[in-house]
Amino acid sequence: MNTMLNARIVDAAAVARMARDVLGLFKLRIGFMIMVTALVGLAVTPGPAPGGLKLLVLALAVLVASASAGAFNQYYERDGDRLMPRTRGRPFVTGALPYSRWWLLLIAVLLLVAVSAAAWVINPVSALCVFLGAFFYGVVYTVWLKRRSWLNIVIGGLAGSFAVLAGAAAVSPVPGPEALALAVVLFLWTPPHFWALAIAFREDYEEAGVPMLPVVVGDARAANAVLTGAWLLIVATLVPALFGLGPIYVIAAVAGGAWFLLQCHALAAAPGPQTARTAFRASLFQLVAVLGGAMLDVALR
C-alpha cells in the first residue's frame with residue numbers, strides 16, 4: 001500500500017513539474033499582462049463595444065500569440081540561456097522538455113490559429129497587430145537584435161504597443177488618439193523596465209555575450225538612462241488624459257509614476273543589483289497602475 005501511495009505521489013509530482021515547465025516555456029505571466037494591455041486598448045477606444053465572442057477571441061488570440069513568441073524565444077535562446085544563471089533552469093536547457101523541431105511546428109500552429117481567429121472573428125487589422133506583436137518579440141528582438149545591438153529591447157518593446165492596437169482595432173480599424181497614446185506608453189515603458197533588470201543581472205548578460213545597455217556602457221550610465229527613460233515615460237502617461245481619460249486614470253498614473261521615479265532616482269544615485277531590482281519591481285507597479293487606472297476610469301464613467 002505504501003509503495004503504491006509513494007508511486008502516486010511521485011507521479012503527481014512529475015506531472016506538476018511537467019506542467020510548471022510547459023507553463024514557464026510559454027511565459028504565461030508575461031502573456032497575461034500583454035493580454036490585459038490589449039483589453040485596455042479596447043476599453044479606451046470610443047465606439048460600440050464588441051460582443052462577448054469578439055472579446056474572448058481577442059483575449060485568447062493575444063495570449064496565445066504571446067505564448068508562441070515566448071516559447072520561440074526559449075527555443076532559439078537555448079544555448080545562450082545555459083550560460084546565464086538566471087535562465088539555466090529553463091526546460092530546454094535542463095532537458096526537462098525535449099529540444100525538438102516539433103516545438104517549432106507547435107509554435108507556428110499556435111500563432112497561425114491565434115492570428116486566423118482574430119482575422120475571422122474580429123477583423124484583419126486586429127489580426128495584423130496580433131501577429132506583429134509576436135513577430136517583434138520572437139523575430140525582431142530575439143533573432144535580429146538581442147545579440148547584435150543595445151537597442152534590442154527598445155525596438156523589441158513595440159510588441160506591447162501592438163497589443164494595445166490589436167485591442168483598439170476590435171472597436172475601430174483606425175486607432176484613435178487614446179489607443180495611440182497608450183501604445184506610446186507601452187513602448188516607452190519597456191526600456192527602463194528591462195534595463196533595470198539588466199543592471200541587476202549585468203554579469204549574466206556579459207557572460208552570455210548579450211549587449212544589453214549596462215554591458216555596453218556600464219551600470220552608472222545605464223542607471224542614468226533608466227532615470228531618463230522613466231521621466232519620458234511618466235510624461236507620456238499623462239497624454240491619454242488629453243483624450244478623454246479622467247481623474248481616476250490621472251491619479252493612478254501619477255501615483256505609479258511617482259513611485260517608479262523615486263526608485264529610479266535611488267538607482268541613479270547608487271547603481272547596483274539591489275537598487276536595480278527595486279526599480280524593476282517599481283516599473284511593474286507603475287504599469288499595473290496605468291493599465292488598472294485606465295480600465296477603472298472607463299468602467300466608472
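Now for a quick tour of the structure. (Residues numbered from 1 in each chain as written. Predicted model: local features only at pLDDT ≥ 70, side-chain atom pairs only at ≥ 80, totals over all residues. Heavy atoms only, no water.)

**Brief notes about the overall build of the protein**
- Within the protein one finds 15 helices and zero strands.
- For 301 residues, the compact-globule formula gives about 19 Å, and the C-alpha radius of gyration of the protein, at 20 Å, lands near that figure.
- For the C-alpha atoms alone, the extent of the protein along its principal axes is close to 65 × 50 × 40 Å.
- Sorting the 301 residues of the protein into buried and exposed places 50% on the buried side.
- Long-range pairs, those at least 24 residues apart, make up 74% of the contacts in the protein between residues at least 6 apart in sequence.
- If you sum the accessible surface of the protein, you get close to 14000 Å²; carbon and sulfur atoms cover 73% of it.
- Separation between the mean location of the 20 positive side-chain charges and that of the 12 negative ones in the protein comes to 4 Å. (Helix = DSSP H or I, 4+ residues; strand = E, 2+ residues; numbered from the N terminus. Rg over C-alpha atoms; globule rule 2.2 N^0.38 Å. Buried < 20%, exposed > 50% of the residue type's maximum accessible area, 1.4 Å probe, protein only. Contact = heavy atoms within 4.5 Å. Areas by Shrake-Rupley, 256 points an atom, 1.4 Å probe, with all protein chains shown as cover. Lys, Arg positive; Asp, Glu negative; His and termini not counted. Charge placed at Lys NZ, Arg CZ, Asp CG, Glu CD.)

**Looking at the packing of aromatic side chains**
- The full count for this structure, using the stated rule, is 11 aromatic pairs.
- Taken together, a centroid distance of 5.7 Å and an interplanar angle of 80° make the contact between Phe92 and Tyr99 edge-to-face.
- With a centroid separation of 6.3 Å and an interplanar angle of 40°, the aromatic rings of Trp150 and Trp195 are classed as tilted. In this pair, Trp150 is assigned in the loop between helix 7 (124-145) and helix 8 (152-156) and Trp195 in helix 10 (residues 177-200), connecting sequence segments 45 residues apart.
- For Trp195, a relative accessible area of 8% corresponds to the buried category.
- Within the aromatic cluster, the residues linked to one another by ring pairs are Phe131, Phe135, Phe136, Trp144 and Phe162.
- The positively charged end of Arg86 is found above the aromatic ring belonging to Phe201, 5.3 Å away from the centroid.
- Positioned over the ring face of Phe201 is Arg277, at 5.4 Å from the centre of the ring. (Phe/Tyr/Trp six-rings, centres within 6.5 Å; stacked < 30°, edge-to-face > 60°. Lys NZ or Arg CZ within 6 Å of the ring centre and 35° of its normal.)

**Details of the side chain of Thr45**
- Tracing the backbone shows Thr45 in the loop between helix 2 (28-44) and helix 3 (52-76).
- Judged by relative accessible area, Thr45 falls into the buried class, the value being 7%.
- Within the structure, the side chain of Thr45 is placed 2.7 Å from the backbone oxygen of Gly41, a separation counted as a polar contact.
- Beyond its immediate chain neighbours, meaning those up to four positions away, Thr45 contacts Ala168, Val171, Ser172 and Ala179. (Polar contact = N/O pair within 3.5 Å; in protein donor to acceptor, adjacent residues only side chain to side chain.)

**Considering the pattern of salt bridges**
- Taken as a whole and judged by the stated rule, the model has eight salt bridges.
- With a closest N to O distance of 3.6 Å, Arg88 and Glu207 form a salt bridge. Of the two residues, Arg88 is situated in the loop between helix 4 (78-81) and helix 5 (91-94) and Glu207 in helix 11 (residues 202-208); the sequence distance between them amounts to 119 residues.
- Across the pair Arg202 and Glu206 runs a salt bridge, and its minimum N-O distance is 3.2 Å. Taken together, the positions of Arg202 and Glu206, both in helix 11 and four residues apart, correspond to about one turn of that helix.
- Judged by its relative accessible area of 42%, Glu206 falls in the partly exposed class. (Salt bridge = Lys/Arg side-chain N within 4 Å of Asp/Glu carboxyl O.)

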